[in-house]
Amino acid sequence: MSRGTRLLGVDHGSVRIGLAVTDPDRRIASPLATYERKGREPDAAYFKKLVENENIGLIVVGLPIHLSGQEGEKAKEAREFGQWLGNVTGLAVVFWDERFTTVEAEGHLLSAGLTRKRRRDRRDRVAAQILLQTYLEAGCPESH
């Protein structure tokens, strides 16, 4: 992972994927997009183009861990998606605990006074931003 490249935060979902990126100095995470999945090939094309256009050097995939600290079915799905994403893009993937990111994102969007539809449209990308910012604040460890 070379300096000057950005990090991509991924809030994985079976229908929608929230995406966030850092600045080139890797200090601030910003929401980027909410991608609606379309199938393996179109998804692969989208992510290949995204990492090239955004100059991504590392992918951080949210890992939905239970309060007990155990990984369940959703964590397994996130790990499989992350492995696929790493293979598709040729980039390293780090998994990061995403507990409470969606709840926190919803709280921020509610306090901003957004309608239910606007909150739904933004929730996943804001959750990805929170996930990525916590990763940055932890010093960008290589594994979690």
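Look up a bit, the structure's there.
Here is a short report on the structure shown in this document. (Residues numbered from 1 in each chain as written. Predicted model: local features only at pLDDT ≥ 70, side-chain atom pairs only at ≥ 80, totals over all residues. Heavy atoms only, no water.)

On to the packing of helix H1 (residues 40–53) against helix H2 (residues 73–89), then. With their axes 9 Å apart at the nearest point, H1 and H2 run at an angle of 65° to one another. The chirality of how H1 crosses H2 is right-handed. Contact with H1, carried on its side by Arg 40, Asp 43, Ala 44, Phe 47, Lys 48 and Val 51, involves Phe 81, Trp 84, Leu 85, Val 88 and Thr 89 of H2 and no other residues of that element. Its residues assigned to classes, the contact of H1 with H2 shows seven nonpolar, one polar and three charged. (Axes fitted to C-alpha atoms, helices over the stretch in contact; angles between N-to-C directions. Helix = DSSP H or I, 4+ residues; strand = E, 2+ residues; numbered from the N terminus. Left-handed = near helix turned anticlockwise from the far one by under 90°. Contact = heavy atoms within 4.5 Å. Nonpolar A, V, L, I, M, F, W, Y, C, P; charged D, E, K, R; others polar.)

When you line up the elements, Glu 54 lands in the loop between H1 and strand E4 (56–63). One polar contact links Glu 54 to Arg 6, side chain to side chain, over a distance of 2.7 Å. In this view, Glu 54 contacts Arg 6 and Leu 32; residues no more than four positions away in its chain are not counted. (Polar contact = N/O pair within 3.5 Å; in protein donor to acceptor, adjacent residues only side chain to side chain.)

Once that is clear, we can look at H2. With 17 residues, H2 should reach 24 Å at 1.5 Å per residue; the first-to-last C-alpha distance of 24 Å fits that figure. Of all the residues in H2, the buried ones are Ala 75, Ala 78, Phe 81, Gly 82, Trp 84, Leu 85, Gly 86, Val 88 and Thr 89. As for H2, its buried residues are in contact with strand E1 (6–11), strand E2 (16–22), H1, E4 and strand E5 (93–97). Following H2 by one or two positions, Gly 90 has its phi on the positive side, about 75°. (Expected span 1.5 Å × (residues − 1). Buried < 20%, exposed > 50% of the residue type's maximum accessible area, 1.4 Å probe, protein only.)

For the coordinates displayed, the defined rule picks out six aromatic pairs. Here the aromatic rings of Tyr 35 and Phe 47 are separated by 5.6 Å at their centres, their planes lie at 70°, and the arrangement is edge-to-face. Taken together, the residues Tyr 35 in strand E3 (residues 29–36) and Phe 47 in helix H1 connect sequence positions 12 residues apart. Overall, Phe 47 belongs to the buried group, its relative accessible area being 0%. With centroids separated by 5.2 Å and ring planes inclined at 85°, the aromatic side chains of Tyr 46 and Phe 47 adopt a geometry described as edge-to-face. For Tyr 46, a relative accessible area of 26% puts it in the partly exposed group. Each member of the aromatic cluster is reached from another via a ring pair, and the members are Tyr 35, Tyr 46, Phe 47, Phe 81 and Trp 84. Above the ring of Phe 95, the side-chain terminus of Arg 79 is found at 5.0 Å from the ring centroid. (Phe/Tyr/Trp six-rings, centres within 6.5 Å; stacked < 30°, edge-to-face > 60°. Lys NZ or Arg CZ within 6 Å of the ring centre and 35° of its normal.)

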